[in-house]
Amino acid sequence: MGITRRGFAKGTAAIAGAGLLTGMGRAAYGQARPKVVVIGGGAGGATTARYLAKDSKGAIDVTLIEPTKAYYTCFFSNLYLGGFRSLESIGHTYDKLASDFGVNVVHDWAVGIDRDAKTVSLAGGGTVPYDKLVVAPGIDLIYDSVPGYSLEAASLMPHAWKAGTQTALLKNKIAAMREGGTFAMVAPPNPYRCPPGPYERISMVAHLLKTSNPTAKLVVIDPKEAFSKQALFMEGWEKHYPGMVEWLPASIHGGIESVNPETGEIVTGLDTIKADVANVIPAQKAGRIAEAAGLTNENGFCAIEPATLQSKVDPNIHVIGDACIAGDMPKSAFSANSQAKVAAMAIRADLTGSSKFPPRFSNTCWSLIATDDGVKVGARYEAGEDKIASVDSFISQTGEDAALRKTTYEESVGWYEGITADMFG
Amino acid sequence: MSGVRLCVLGIALAVAWAGSQLSAQARDELVVQGSKLFRQCQSCHQVGPKARHAVGPYLNNIFGRRAGTLEGFRYSDAMEQAGQGGLVWDEGALSRFIADPSGVVKGTRMKFRGLKVEADRKALVAFIRQHSPGPANIPETPPTAPVHASAGDPDLPEHILSIAGDPAYGEYLSSECVTCHQASGEDKGIPSITGWPVRRFVTVLHAYRSKHRENPVMRSVAASLTDEEIASLAVYFETLE
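Thresholds, definitions, all that
Residues numbered from 1 in each chain as written. Chains lettered and ligands numbered in written order. Predicted model: local features only at pLDDT ≥ 70, side-chain atom pairs only at ≥ 80, totals over all residues. Heavy atoms only, no water. Pairing = 2+ DSSP bridges. Helix = DSSP H or I, 4+ residues; strand = E, 2+ residues; numbered from the N terminus. Axes fitted to C-alpha atoms, helices over the stretch in contact; angles between N-to-C directions. Contact = heavy atoms within 4.5 Å. Buried area = accessible area lost by both parts, 1.4 Å probe. Salt bridge = Lys/Arg side-chain N within 4 Å of Asp/Glu carboxyl O. Polar contact = N/O pair within 3.5 Å; in protein donor to acceptor, adjacent residues only side chain to side chain. Nonpolar A, V, L, I, M, F, W, Y, C, P; charged D, E, K, R; others polar. Buried < 20%, exposed > 50% of the residue type's maximum accessible area, 1.4 Å probe, protein only. pLDDT = per-residue confidence, 0-100.

Undergrad: How should the sheet that holds strand E13 (residues 245-248) of chain A be read in this particular structure?
TA: Backbone hydrogen bonds hold the strands of a sheet together, and the pairing may be parallel or antiparallel. All names here are of chain A. Ordered in space as E13-E12-E11-E17, the four strands form an open sheet in which the pairing is parallel. In this open sheet, the two edge strands, each paired with only one partner strand, are E13 and strand E17 (277-280). Each strand axis lies, on average, 15° off the axis of its neighbour in the sheet, ignoring direction. Across the sheet, helix H5 (residues 165-175) lies against strand E11 (182-186) and E17, angled at about 155° from E17, the strand it touches most.

Undergrad: Just to check I follow, could you spell out the sheet that holds strand E9 (residues 132-135) of chain A for this structure?
TA: Residues and elements named next belong to chain A. What the five strands build is an open sheet, ordered E5-E2-E1-E9-E20; its pairing is parallel. At either end of the open sheet lies a strand with only one pairing partner, and these are strand E5 (104-106) and strand E20 (317-319). Neighbouring strand axes in the sheet, compared pairwise and without regard to direction, differ in orientation by 15° on average. When strand E1 (residues 35-39) meets strand E2 (residues 61-65), the two strands line up parallel, connected through five bridges. Looking at the pairing, Lys-35 lines up with Asp-61 of E2. In the packing of helix H10 (residues 333-352) onto the sheet, contacts are made with E1, E9 and E20, and the angle to E9 comes to roughly 170°.

Undergrad: Got a minute to help me understand the interface of chain A and chain B in this structure?
TA: How big an interface is tends to be reported as the loss of accessible area on association of its parts. Counting from both sides, the interface comprises 57 residues of chain A and, opposite them, 49 residues of chain B. For the chain A and chain B pair, buried surface summed over both sides reaches about 4,500 Å², with 56% attributable to carbon and sulfur atoms. When residues of chain A are sorted by the area they lose upon contact with chain B, Phe-357, Arg-360 and Arg-380 of chain A head the list and together hold 14% of the total. Counting every contact that joins chain A to chain B gives two salt bridges. The shortest N-O distance in the salt bridge between Glu-176 of chain B and Arg-380 of chain A comes to 2.8 Å. Inspection of the region where chain A meets chain B yields 15 residue pairs in polar contact (both at pLDDT 80 or more). If you list the elements that add at least two residues to the side of chain A that touches chain B, you get helix H1 (2-29), H10, strand E22 (361-370), strand E23 (373-383), strand E24 (388-395) and helix H11 (402-424) of chain A. Per-class residue counts for the side of chain A that touches chain B are 25 nonpolar, 13 polar and 19 charged.

Undergrad: Help me out: how do you make sense of the environment of Gly-399 of chain A in this one?
TA: All names here are of chain A. Structurally, Gly-399 can be placed in the loop between E24 and H11. Judged by relative accessible area, Gly-399 falls into the exposed class, the value being 60%. Sequence-wise, Gly-399 and Ala-53 are 346 residues apart; in three dimensions their C-alpha atoms are separated by 45 Å. Those residues in contact with Gly-399 that lie beyond four places of it in its chain are Glu-235 and Arg-405.

Undergrad: Help me understand the confidence of the model for chain B in this model?
TA: Detailed conclusions should not be drawn from predicted coordinates in areas where pLDDT is low. Residues and elements named next belong to chain B. Taken as a whole, chain B shows an average pLDDT of 83; of its residues, 85% reach a score of 70 or greater. Scored below 50 in pLDDT, residues 1-22 shows 25 contacts in the model against residues more than four places distant or in partner chains. Confidence drops under pLDDT 50 across residues 147-153; counting only partners more than four residues distant or on other chains, this segment forms eight contacts. Per the prediction output, this complex has pTM 0.76; the corresponding ipTM is 0.74.

Undergrad: Can you help me understand unusual backbone geometry in this one?
TA: Most peptide bonds take the trans configuration, and most residues that are not glycine carry a negative phi. Residues Asn-190 of chain A and Pro-191 of chain A are joined by a peptide bond in cis, for which omega reads -10°. You can see Pro-191 of chain A is positioned in the loop between E11 and helix H6 (197-212). Although it is not a glycine, Lys-57 of chain A adopts a positive phi angle of roughly 50°. Among the residues examined, Lys-57 of chain A registers a relative accessible area of 54% and is labelled exposed. At Asn-61 of chain B, a position not held by glycine, the phi torsion is positive, near 60°. On the secondary structure map, Asn-61 of chain B appears in the loop between helix H1 (3-37) and helix H2 (77-84).

And the structure:
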């Protein structure tokens, strides 16, 4: 457990250092510690805050602004729907970031960014000054991209695309579904958070219903013609849930025209589907704080410099994770975590003169199809001048033997432990 | 590792990095060039959000698709047979076809003399590639930048095993490893990599790099690491208990 002792020692030093500097540092040395503010405590933001605090050993004053005290990871939330995890097991707090690494964790909403004054304003009042700002708000949903859908409708047709109460609501609705009922998903258009996510969710809901409600049906009404890991999911649905799952691409259903949250109806160009439980996942854009600060482009996401994740609009701001346009990197927790380390290194080098190594980017997305049947896709990337480009990739194969699929699933469980430790300490 | 050595390593990395930047820029130029070359295809083929079948099939989402399989278009028997015979439109297949359509698929209805200059074909294919899903939305789609050749040998020569790694650089590189591997040494689902003797760590990573070990995540990670980087990781992880 060497790293635990190391982490504790570093955290202690950071806190001691902070005390020294706030007490006498400015007066004695005539300069304050540089301030970095991180907006958003997910895979991108929490990792950036932790690495900045850990690696600068107290030389940088790190503030993390995150409204929720208990953060539920979107990754593995499908496994909660499938009955493989409890909701508690995907919940995390920021306690260790504060106690072991000296991060100032502020539980509030960032509602405005004044780029000239270099301050962030909070919903609870007050402003926080920064030298460098990291914007990692994740996604926001474009509710009206599906006519008839709205923020209010999300209580009747949960999107569950941000984990927590929405996920629990969807799970309760599935549990209460009538015998032989229909679970219908309106899948999102590209680009969206977690490309294989909707299809893993279908697998998990099918897994649950196969036992509790075996005559139930699942329908995916997709605005797309193809999706990630398509061959693997379709093979898995045929194998584990024969006759239960129907996937309809746009060329079949002719387009999603509207939904009616009161009746559960989903109207397409071809037909009206009556859902007993509807899971509507609308189009997505960068979290609204990014938009409010003028960091987004016409597509609703933030253009960045590939090697540093600096905003193309403002070099004092780095945008990481789902909110940024990361070239070939998909919107995934793994990608955000990878980008966070590159951004943290670039920021630290700018503020403290520490070494700046070439950026390294990678991603792996695991999906669970059924008990002990896990698949994965991954790639490595390089920072080019205009985008982060994929240079190498791999994917699980159809027809793999059960032992390999079991190992892949176990690997994903190990990864969950690894990345959450890497985010939250 | 001495300061001088680290500096040399840093320069080598910076050079390698600059190389990859150029390749991205070159790629973007290719696409622009390809869009101009596509004008000679436009009388038969459409791309983009409003693309429909015309004299020829539309070319959206063509990458990775088996030849002659798009619904709503009547292909020649020759094209359908080529698809049944295993012709899938990847970069190489498209380039060969564009070079000599009737030579590659004998009996195709596509009457085109062929684009003989390889650089032109590259540009045209790069442009058409933009109208198929990219890895950001479907991560398993083919890489968009050249894969760097990797070399390695499971029976490692002494000069590789004895490279002196730099623990500080290893600590930096390790931030990527600990996304999956526990820095605490826990080994649930994903093996522990802390406290290994340096030579064993180096041998295993080289075995992934030379594809003598199976795990594709590790093959991919190892392929991106130089001998010096592997040595630096090894010496860093050896210090973690």
